[in-house]
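# Structure assessment
One-letter residues, chain by chain:
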Amino acid sequence: MATAEVKTAEKTSASVEGPRDALTIVDHRTGRSYDVPIANGTIRALDLRQIKTGPGDFGLMSYDPAYMNTASCTSRITYIDGDKGILRYRGYPIEQLAEKCSYLEVSYLLLYGELPNAKQYEEWVHNITYHTMIHESLKKLMDTFNYDSHPMGMLIATVAAMSTFYPDARDIHDPASRTRQTYRLIAKVPTLAAFAYKHSLGMPYVYPDNDLSYSENFLNMLFKMPAAHGYRPNPTLVKALDVLFILHADHEQNCGTAVMRSIGSSHADPYSAVAGAAAALYGPLHGGANEEVLKMLREIGSVSRVPEFIAEVKQGKGGKRLMGFGHRVYKNFDPRAKIIKRMAEEVFSVTGRNPLLDIALELERIALQDDYFVQRKLYPNVDFYSGLIYQAIGIPTAAFTVLFAIPRTSGWIAQWGELLGDSEQKIARPRQVYLGPAERSFVPMEKR
Ligand code: ACO
């Protein structure tokens with residue numbers, strides 16, 4: 001972002017004409033006016049600090065809980081236009097990438113800014129493929145979890161533990177180290193995810209197979225039984241999973257990515273930062289929503305119960321929400337949800353139709369014509385249909401968010417790399433507005 005020099009023209013409130021690319025702010029407390037530069041459709045919050053009532057005044061701050069209108073960085077990775085339903089990675093529309101690319105091509109694009117040529121792609125796939133094994137002690141760590149531990153809890157803990165296996169990861173300013181950690185993270189997260197699933201079933205782990213593609217290998221690690229011969233993931237399901245990975249790979253400054261950048265800003269190693277980002281993703285308002293959608297569809301149980309459920313949501317009964325609906329940025333439609341809905345039919349042609357699909361379709365039909373949802377611009381998001389596909393593929397509900405974390409790892413690392421290369425960034429440290437008690441004297445316990 002162009003760092004326009006802050007030029008503060010003090011004026012009387014009567015004269016408010018200023019430069020074209022500036023915002024003139026009149027402070028009625030003092031009668032002074034200020035020209036604050038505008039660049040890329042933003043003003044700098046720090047430029048407000050000069051607005052003071054007197055020498056002892058700290059200066060004006062902006063107050064923006066939940067970052068509703070605050071850009072925390074510049075980025076060249078992902079573009080979203082929420083009103084038009086546009087999502088692009090490095091300028092390429094998500095629809096084209098989902099149709100024409102493999103997930104590993106897209107992860108390369110996110111990380112390096114360009115689609116790989118044939119040689120670059122071959123090397124990239126090789127490097128990821130040859131880092132999929134995990135340390136045997138990490139496998140033993142997985143063994144220590146209870147059989148009913150949530151797969152996201154196991155994933156978060158084991159990703160964090162990876163920082164202890166690769167102490168070179170702390171050398172975040174060494175490009176060669178960063179590259180090694182990038183290979184390791186993208187390659188090993190699926191292995192950890194699959195091991196977490198196998199552990200929850202009490203089944204032996206299936207090691208990665210270098211003859212298989214990224215998505216094929218993941219399905220193999222999930223569903224192959226060591227005793228059974230001849231398991232080969234169905235190509236339609238492999239393709240569907242790969243497309244789902246592409247759709248989930250990045251989504252600019254959402255909750256999880258903001259955490260990745262925030263942890264990264266303290267120069268922690270990337271495993272600790274990815275573990276933190278995954279923890280943010282785990283929440284039901286974020287990536288955990290895909291799991292909640294399935295629970296909701298099961299709770300509704302039948303198409304005839306849909307109107308009653310919608311009525312309960314509108315009354316806000318028990319804080320009930322229509323899970324998989326609504327988005328902070330998309331206020332028209334989520335382009336990822338459109339692609340997933342189309343793909344669901346292909347998957348069901350192999351697996352058989354998921355009986356919950358009819359309930360989902362009816363929910364969507366009613367919600368899209370109901371004033372409550374229309375006025376609030378609530379549309380199906382990426383999580384509304386993805387869970388139905390995961391379930392059809394045979395993945396248990398509790399593992400859905402893990403399937404989100406696998407591809408998002410590429411986006412997190414791309415955003416982390418961009419952060420470290422951005423000379424404007426410093427340790428993330430928001431301000432607060434203190435509303436607690438003013439200074440008061442200590443009261444001994446017997447007098448309280
Ligand atoms: N069902 C019912 N009402 C909803 C829903 C919903 N899913 N989402 C928002 N609303 C209502 C709110 O109650 C609020 O109504 P009000 O104005 O009468 O108070 C209004 O719509 C605005 O909602 P906010 O919560 O202020 O919107 P925000 O941008 O903060 O939240 C969020 C976005 C968290 C995604 C929200 O829509 C939600 O909770 N959706 C359900 C969970 C979900 O599907 N999350 C996945 C998002 S995609 C992702 O993270 C990968």
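Above this text sits the structure in question.
Description of the structure in this document.

Conventions and cut-offs
- Residues numbered from 1 in each chain as written.
- Predicted model: local features only at pLDDT ≥ 70, side-chain atom pairs only at ≥ 80, totals over all residues.
- Heavy atoms only, no water.
- Helix = DSSP H or I, 4+ residues; strand = E, 2+ residues; numbered from the N terminus.
- Buried < 20%, exposed > 50% of the residue type's maximum accessible area, 1.4 Å probe, protein only.
- Contact = heavy atoms within 4.5 Å.
- Areas by Shrake-Rupley, 256 points an atom, 1.4 Å probe, with all protein chains shown as cover.
- Phe/Tyr/Trp six-rings, centres within 6.5 Å; stacked < 30°, edge-to-face > 60°.
- Lys NZ or Arg CZ within 6 Å of the ring centre and 35° of its normal.
- Core = buried A, V, L, I, M, F, W, Y, C linked by side-chain atoms within 4.5 Å.
- Patch = residues over 30% accessible without salt bridge, like charges linked within 9 Å, V, L, I, M, F, W, Y side chains within 5 Å.
- Salt bridge = Lys/Arg side-chain N within 4 Å of Asp/Glu carboxyl O.
- Near = heavy atom within 4 Å.
- Polar contact = N/O pair within 3.5 Å; in protein donor to acceptor, adjacent residues only side chain to side chain.
- Nonpolar A, V, L, I, M, F, W, Y, C, P; charged D, E, K, R; others polar.

### Comments concerning the overall build of the protein chain
Across its full length, the protein chain holds 17 helices and six strands. A principal-axis box enclosing the C-alpha atoms of the protein chain has dimensions of 85 × 65 × 55 Å. Burial status across the protein chain gives 46% buried among its 448 residues. Of the contacts formed within the protein chain by residues at least 6 apart in sequence, a portion of 68% connects residues at least 24 apart. Of the roughly 22,500 Å² of accessible surface on the protein chain, a fraction of 53% belongs to carbon and sulfur atoms.

### Focus: the packing of aromatic side chains
Across all of its chains, the model carries 17 aromatic pairs by this definition. With 6.0 Å between their ring centres and 55 degrees between their planes, Trp124 and Tyr183 make a pair best called tilted. Taken together, the positions of Trp124 in helix H3 (residues 118–129) and Tyr183 in helix H6 (residues 175–201) put the pair 59 residues apart, joining distant regions of the chain. With centroids separated by 5.2 Å and ring planes inclined at 85 degrees, the aromatic side chains of Phe325 and Phe384 adopt a geometry described as edge-to-face. Of the two residues, Phe325 is situated in the loop between helix H12 (306–315) and helix H13 (335–351) and Phe384 in helix H16 (residues 382–393); the sequence distance between them amounts to 59 residues. Given the relative accessible area of 11%, Phe325 is considered buried. One aromatic cluster is present, formed by Phe325, Tyr372, Phe373, Phe384 and Tyr385 through successive ring pairs. Across from the ring centre of Trp416, 6.0 Å away, lies the NZ or CZ of Arg178, which sits over that ring. One Lys or Arg, Arg376, reaches over the ring of Tyr372 and ends 3.8 Å from the middle of that ring.

### Notes on the nonpolar core
Of all hydrophobic cores here, the largest spans 115 residues; its most connected members are Tyr89, Phe218, Met296, Leu297, Leu322 and Leu363. It is helix H17 (residues 400–420) that contributes the most residues to this core, 12 residues altogether. Each residue touching Leu297, except ones within four places of it in the same chain, is listed here: Leu356, Ile359, Ala360, Leu363 and Leu388. Of all hydrophobic cores here, the second largest spans five residues; its members include Ile25, Tyr34, Val36 and Leu48.

### Digging into the side chain of Glu105
Following the sequence through the fold, Glu105 ends up in helix H2 (residues 103–112). Setting aside chain neighbours within four positions, we find Glu105 in contact with Lys100, Leu115, Pro116 and Tyr121.

### Remarks on a nonpolar patch on the surface
On the surface, Phe58, Met61, Tyr63, Val433 and Leu435 cluster together into a nonpolar patch covering about 580 Å² of accessible area. Summarising the element assignment, Tyr63 is placed in the loop between strand E3 (32–37) and strand E4 (78–81).

### A short note on helix H7 (residues 214–223)
Along H7, nine of the 10 residues are buried, which leaves the element largely enclosed by surrounding structure. When we look at burial in H7, the residues that qualify are Tyr214, Ser215, Glu216, Asn217, Phe218, Leu219, Asn220, Met221 and Leu222. Check the buried side of H7 and you find it contacts H2, H3, H6, helix H8 (235–247), H16 and H17.

### A word on the environment of Thr351
Mapped onto the fold, Thr351 is located in helix H13. Residues Thr351 and Asn381, spaced 30 residues apart in sequence, show a C-alpha to C-alpha distance of 23 Å.

### What to know about unusual backbone geometry
Among all residues except glycine, the phi angle is most often negative; among peptide bonds, the trans geometry is most common. Unusually for a residue other than glycine, Asn40 sits at a positive phi of about 50 degrees. Tracing the chain through its elements places Asn40 in the loop between E3 and E4. Its identity is not glycine, yet Glu252 carries a phi of approximately 40 degrees, on the positive side. Turning to its location among the elements, Glu252 is positioned in the loop between H8 and helix H9 (255–264). By relative accessible area, Glu252 is classed as partly exposed at 22%.

### Examining the site of the ligand
The environment of the ligand is made up of 19 residues, and the closest members are Arg321, Leu322, Gly324, Arg328 and Asn381. One of the backbone nitrogen or oxygen atoms of Phe325 is found 2.9 Å away from a nitrogen atom of the ligand. One nitrogen or oxygen atom from the side chain of Arg376 is found 2.9 Å from an oxygen atom belonging to the ligand. Partitioning the shell around the ligand into residue classes produces 10 nonpolar, five polar and four charged.

### Overview of the pattern of salt bridges
Under the defined criterion, the tally for this structure stands at 19 salt bridges. Here Arg29 ties to Asp27 by a salt bridge, and the two come within 2.9 Å at their closest N and O atoms. In this structure, Lys295 and Glu291 form a salt bridge, with 3.8 Å as the shortest nitrogen-oxygen distance. Separated by four residues within a single helix, Lys295 and Glu291 lie in helix H11 (residues 289–300), roughly one turn from each other. With a relative accessible area of 40%, Lys295 lands in the partly exposed category. When salt bridges that share partners are traced, they join Asp168, Arg180 and Arg184 into one network.

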